[in-house]
Amino acid sequence: MSYTKIDSIIGGRGADSLPDSEYIYFLERNNPTNASGLINEWRITPYALVSGGVAELPNDASGAYGMDLDGDGAPDIHWDGVELFPDMSSGLARIPRYDTDAESLKDLVYGDSGFPETGGSTSGNSYAVATSNGNFAKLRVFKDTAEGKTKLEWAAYRFDNHIMPVGFGYQDPRDLVLAVENGVTVAYVSALRKVAGRDVGTVYRVPRDETAGSRFFKPVSTAYIVAEWPKEPTRNNPRQLALHNSYLYIVNNDALLRVRINTAVRAPLELVYTGLTSATGLLLSADGTRAYVTDMAVDATSGKTGRLLSINIDSEGKGTLHKVLRSEFGASGLLEWADAEHTAIYLSQLDSSEVIRLRDLEAPTLAAEPVLTAAPKRSQSVMVMTTRGLFIVSDEEIGTLAMELPVDPGILVMGIGHVPFQFIEQDEASPNAGRADTTTTSYFFQVKNVPFGGTLHLMINHKDAYLAEARYYRVRFIQEDGTIVSVPGGFTDLLWNRSLALWEQAPMSQLTMGGFSGLYPLRVPNDLWYNAYLGAVLNSRKVKNGLTKLEVTFFDGAGKPMPGLSYERLVLIDNNNASVSLKLPVIGGREQTPTCGALQYKAKTDEFLVDYKVFHPNNNADYSLSIRGGGHGVISESGKVVDANPPKVTTVQDVIGTCNIANVTMGLSVSVRVTDGYQWIGTAYTSRSFTLVPDSIPLH
């Protein structure tokens, strides 16, 4: 893992990105005494295609024909039927091939001289251009024999891997959340603004400029305010924001609040939870029923500050403390989920300049792992840029942290999905043989002693295998009884077309060579693939559950097996399904049958007994049971399937509280802790819903 500085800034704060976007947006505070705070844009990819196509090149008898390559309105090259030459403010270079990698264009040496060009070559002559607008282009001048015309094929690229301000006028911005609402990209920004000489905590909803192609957000205006606290001095410090369904959640000094969005008029603020001390960070669970908050409360025992709390949120938006997960962090920045399952959190510690990862949020003791021990000074926010890297915003700079584990030269068979084979137990005598465990690292993909199932993506070191003179490879399973199982079928990946500057689908089919079937061709090292190491897509359901060996054999160009290049790796397969069963409660010793959707009780002291079953053949699963009555949680428990202890017993009083009539919902789920190398596979779920009514009230 390595950190790379991108650029210097002044007072970096929160960052966000939309799904599948190549852009990251972050806040720059600048001078908080004036309105110089910015929303900045930074593109992850090094260049973007801005223009391209094929056009006819007529020879204008009155002079040279000019061509604008990047769409800025000014000609970049000229052609007079004899010579191709640059405009006064552009440059020209000759290149051997039109499919030259676009990234190399910026490193060429450009001159102000022209080149002889009659437009008569059928294969075409290729050139690179440094445009007058600071972009780079490649082009080919050729004779179209079918039409008898000279044509120009070109592609122009913008290399602006720098920071571009796209939002202006903020006073002391803190956090940024992006959303697309009714087809419009909007930025929610928490900030302070000066009103009559005093600070007022404010949250804006600023839309992007509606001009076609514009990347700018509209200037800040009071018309875009969705929340403010002009009369509450203890709540004039809004920090991290989180969106869930139709609500925006805000941590603001001593409280967690929310406001309904997408309304015609500004909705009133709702208090979710109070009792915080200078709250900073905020994350919400996927279902919105739990908030994770950092604040600066002082630990009574140690006298040190900084803690992480989990707060339950009921259906009415009211929060109750679940527990303090960890304390003594010191000052911390904003929070970020470390994985799609929301089982771990990235947190930056401002005073120690360290980024840590907090995992096992439901465990009795929250584990903390260092991710970057020498982070930039006062790193304010950490954002998952891709599954392999982090984007870090600090007071003084932005940068990226590569999260891939290094692969040693000569390692040809790499792993399954995000799990390298070195983290899959290969000792057959071990009780965890074939299971994945990455928890001894700070690697982003965290699993502990889990088997595999579903569709497996095998990762191959194509480049080193090719350099070892292999040209094909075969993938098979060898089951415990010695049975060899071939998994037929190809797969499709994306291959970069350098000429068109786009990704194209590239089917990978199995071949028969030298009497051997089921062979895949190795990838040529200079080709650029979207999934660079993908070697096979395997349906593990074709083999029996249990310990199996994954065999990968490499072949030469004639289709002969290469000595010393055959590998076996242990993998534990578990494609068993989980099951759940949840019965209606037994109330006061009486079995229940719904009438008009209701169940009846005699007295609130009646016993309320819920019986359930959770099952997985190998106990590779976790369960979760929740019972809610009258709008509040009654029972919430989770754990491993093997540790479940039904039935659950409480009373009607505990379920419905002060209500006499109340709706009750019960949910039971089992999540199979089996991975395909990217995510968990398999979930079983059931629920019950009814109304509790005293038996003194007739139901007909």
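Above: the structure in question.
Counting restarts for each chain, with residues numbered from 1 along the sequence as it is written. With the structure being a predicted model, the display of local features is reserved for residues of pLDDT at least 70 and the display and counting of side-chain atom pairs for 80 or more, all residues being used for whole-chain, interface and lining totals. Where side-chain values are given, they derive from all heavy atoms of the structure, hydrogens and water being excluded.

Caption draft 1: Spatial organisation of unusual backbone geometry. Here the amide bond leading from Pro 646 into Pro 647 is cis, since omega sits at 0 degrees, within 30 degrees of zero. Relative to the helices and strands, Pro 647 resides in the loop between β53 (632–640) and β54 (648–651). The phi dihedral of Asn 253 is positive, around 60 degrees, even though this residue is not glycine. Here Asn 253 shows up in strand β20 (residues 247–260). Phi is positive for Ser 353, close to 50 degrees, though the residue is something other than glycine. Put simply, DSSP marks the helices as runs of H or I at least four residues long and the strands as runs of E at least two long, and each gets a number from the N terminus on. Relative to the helices and strands, Ser 353 is located in the loop between β27 (344–349) and β28 (354–359).

Caption draft 2: Highlighting the nonpolar core. Within the largest apolar cluster, 54 residues are counted, with the highest numbers of intra-cluster contacts made by Phe 421, Phe 452, Leu 458, Val 475, Leu 538, Leu 550 and Phe 554. Broken down by element, this core gets its largest block of residues, five residues, from strand β46 (residues 561–573). Residues enter a nonpolar core if they are buried and are Ala, Val, Leu, Ile, Met, Phe, Trp, Tyr or Cys, with the set joined through side-chain atoms within 4.5 Å. Whether a residue is buried, partly exposed or exposed follows from its accessible area with a 1.4 Å probe, protein chains only, as a fraction of its type maximum: under 20%, in between, or over 50%, in that order. By size, the runner-up hydrophobic cluster in this structure holds 30 residues, among which are Ala 578, Val 610, Leu 625 and Leu 668.

Caption draft 3: The side chain of Lys 151, seen in detail. Residue position: Lys 151 is located in strand β13 (residues 149–158). Residue classification places Lys 151 among the buried positions, given a relative accessible area of 13%. Whenever two N or O atoms come within 3.5 Å, that pair is a polar contact, provided that in protein one can donate a hydrogen and the other can accept it, and provided that, for residues adjacent in sequence, both atoms are side-chain atoms. Among the polar contacts made by the side chain of Lys 151, one reaches the side chain of Glu 147 at a distance of 3.1 Å. Not counting chain neighbours up to four residues away, the residues in contact with Lys 151 comprise Val 54, Ala 55, Glu 56, Leu 57, Arg 140, Val 141, Phe 142 and Asp 144. Contacts between residues were defined by any pair of non-hydrogen atoms, one from each residue, lying within 4.5 Å.

Caption draft 4: A look at a nonpolar patch on the surface. A cluster of nonpolar side chains, contributed by Trp 503, Leu 528 and Tyr 530, occupies part of the molecular surface with about 310 Å² of accessible area. Accessibility expressed as a relative area gives 33% for Trp 503, which makes it partly exposed. Patches draw on residues past 30% relative accessible area with no salt bridge. Two like charges within 9 Å are joined, as are two nonpolar side chains (Val, Leu, Ile, Met, Phe, Trp, Tyr) within 5 Å. For the area figures, the Shrake-Rupley method with a 1.4 Å probe applies, and any residue is considered shielded solely by the protein chains shown. A side-chain nitrogen of Lys or Arg and a carboxyl oxygen of Asp or Glu constitute a salt bridge if their distance falls within 4 Å.

Caption draft 5: A look at the environment of Asn 253. Looking at Asn 253, the relative accessible area reads 19%, which means it is buried. In contact with Asn 253, not counting residues within four places along its chain, are Thr 234, Arg 235, Asn 237, Leu 276, Thr 277, Ser 278 and Ala 279.

Caption draft 6: Inspection of the environment of Ser 540 at higher detail. Relative to the helices and strands, Ser 540 resides in the loop between β44 (534–539) and β45 (546–555). Separated by 404 residues in the primary sequence, Ser 540 and Phe 136 have C-alpha atoms spaced 47 Å apart. Apart from residues no more than four positions distant in its own chain, Ser 540 is found in contact with Gly 453, Gly 454, Leu 456, Ile 573 and Asn 575.

Caption draft 7: The arrangement of the packing of aromatic side chains in detail. The pairing test for Phe, Tyr and Trp rings, Trp by its six-membered ring, is centres within 6.5 Å, and the orientation test on the planes gives stacked under 30 degrees, edge-to-face over 60, and tilted for anything in between. Enumeration over the complete set of coordinates arrives at 20 aromatic pairs. Ring geometry for Tyr 25 and Phe 217: centres 6.0 Å apart, planes at 85 degrees, overall edge-to-face. Of this pair, Tyr 25 sits in strand β3 (residues 23–28) while Phe 217 sits in the loop between β17 (198–207) and β18 (225–228); the two residues are 192 residues apart in sequence, bridging distant segments of the chain. Given the relative accessible area of 3%, Tyr 25 is considered buried. Ring plane angle 65 degrees and centroid distance 5.0 Å describe the contact between Trp 496 and Trp 503, whose orientation is recorded as edge-to-face. Taking relative accessible area as the criterion, Trp 496 reaches 16% and is therefore assigned buried. For the cation-ring pair, Arg 208 lies above Phe 217, with the distance from its terminal atom to the ring centre recorded as 4.9 Å. The criterion for a charge sitting over a ring is simple: Lys NZ or Arg CZ within 6 Å of the ring centre, and within 35 degrees of the ring normal.

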